[in-house]
Amino acid sequence: KAGVTQTPRYLIKTRGQQVTLSCSPISGHRSVSWYQQTPGQGLQFLFEYFSETQRNKGNFPGRFSGRQFSNSRSEMNVSTLELGDSALYLCASSFTRVGTDTQYFGPGTRLTVL
Amino acid sequence: ILNVEQSPQSLHVQEGDSTNFTCSFPSSNFYALHWYRWETAKSPEALFVMTLNGDEKKKGRISATLNTKEGYSYLYIKGSQPEDSATYLCAFPSGGYQKVTFGIGTKLQVIP
């Protein structure tokens, strides 16, 4: 069974630009969550999508948005990039939304904002 | 904002030593606690999901215990090996769903 894939793996942008990251979950998984990791910080929850609807949202500004498609693939968009958005962005999928369900992580997208 | 804390933040042990570290979490409205291992240049990998007070889980030389009443979980590694070097994360889903708060992690380095 193929794992979670994320594209692109690396990205360099400049301040003010916008970026879209993509995540393909494990086949059959319907919940996709996004996390941000910056140096010195743990994984910070961005949002969770299930059945094409955002179900939970973390404490991030509105510049961070996402969506999920009918095949459960998900995209995350960051508009008006700031230097502080430089981070590793991980997505994770799980079969259900239930908190006991294990999340499986992708390799991440390393975003650098110059 | 949920408080999920891990200690210590980093740890150096000699090969063959046993070690343990702690995750503390809110004891109210407990639903589950997850442990993950995150090796450098890889993705976080699930170790355990723990749901019941008194739970003990084991995978090879790694084991974990859970105390939901006092809000902590311990992860133990017996006879540490260099391949155990990684960051160990605990994760707390709130409200029973996948709105997950991660601890900052314990970075373990096992010295050969």
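Everything below is about the structure printed above this text.
So, here is what we can say about the structure in this document. What you see is a predicted model, and the numbers here were worked out from it, not measured in a lab.

So, the state of the cysteines
Residue and element names in this part refer to chain A.
Reasoning step 1: Counted according to the given criterion, the structure contains two disulfides over all chains.
Reasoning step 2: Between the sulfur atoms of Cys23 and its disulfide mate Cys91 the distance is 1.9 Å. Note on the Cys23 and Cys91 pair: the S-S dihedral is about 70 degrees, so by sign convention the disulfide is right-handed. Of this pair, Cys23 sits in strand 3 (residues 19-24) while Cys91 sits in strand 9 (residues 87-94), placing them 68 residues apart in sequence. Both residues of the pair, Cys23 and Cys91, count as buried.

Side note on the interface of chain A and chain B
Reasoning step 1: Counting residues at the interface gives 26 residues for chain A, matched by 20 residues for chain B.
Reasoning step 2: Buried surface at the junction of chain A and chain B, summed over both partners, amounts to about 1,800 Å²; 61% is from carbon and sulfur atoms.
Reasoning step 3: Of all residues in chain A, A:Leu43, A:Gly99 and A:Phe105 give up the largest surface area on contact with chain B, accounting jointly for 28% of the area buried on that side.
Reasoning step 4: At the junction of chain A and chain B, the tally comes to zero salt bridges.
Reasoning step 5: Where chain A touches chain B, the interface holds eight residue pairs in polar contact (both at pLDDT 80 or more).
Reasoning step 6: Only strand 4 (31-37), strand 5 (44-50), strand 6 (53-57) and strand 9 of chain A provide two or more residues apiece to the side of chain A that touches chain B.
Reasoning step 7: Per-element accounting of the side of chain A that touches chain B gives the leading share, four residues, to strand 4 of chain A.
Reasoning step 8: For the side of chain A that touches chain B, the residue count by class is eight nonpolar, 14 polar and four charged.

Things to note about the sheet that holds strand 7 (residues 62-67) of chain B
Residue and element names in this part refer to chain B.
Reasoning step 1: Across the sheet, five strands lie side by side as 1-3-8-7-6; this open sheet has antiparallel pairing. Every interior strand has two partners, whereas the edge strands, strand 1 (5-7) and strand 6 (56-59), have only one. In this sheet, adjacent strand axes meet at a mean angle of 15 degrees when their direction is disregarded.
Reasoning step 2: Strand direction decides the pairing type here: strand 7 and strand 8 (residues 72-77), joined by six bridges, are antiparallel. Each residue of the ladder has a partner; that of Ile62, found in strand 8, is Ile77.

Cut-offs used in this document
Residues numbered from 1 in each chain as written. Chains lettered and ligands numbered in written order. Predicted model: local features only at pLDDT ≥ 70, side-chain atom pairs only at ≥ 80, totals over all residues. Heavy atoms only, no water. Disulfide = S-S within 2.5 Å. Helix = DSSP H or I, 4+ residues; strand = E, 2+ residues; numbered from the N terminus. Buried < 20%, exposed > 50% of the residue type's maximum accessible area, 1.4 Å probe, protein only. Contact = heavy atoms within 4.5 Å. Buried area = accessible area lost by both parts, 1.4 Å probe. Salt bridge = Lys/Arg side-chain N within 4 Å of Asp/Glu carboxyl O. Polar contact = N/O pair within 3.5 Å; in protein donor to acceptor, adjacent residues only side chain to side chain. Nonpolar A, V, L, I, M, F, W, Y, C, P; charged D, E, K, R; others polar. Pairing = 2+ DSSP bridges. Axes fitted to C-alpha atoms, helices over the stretch in contact; angles between N-to-C directions.

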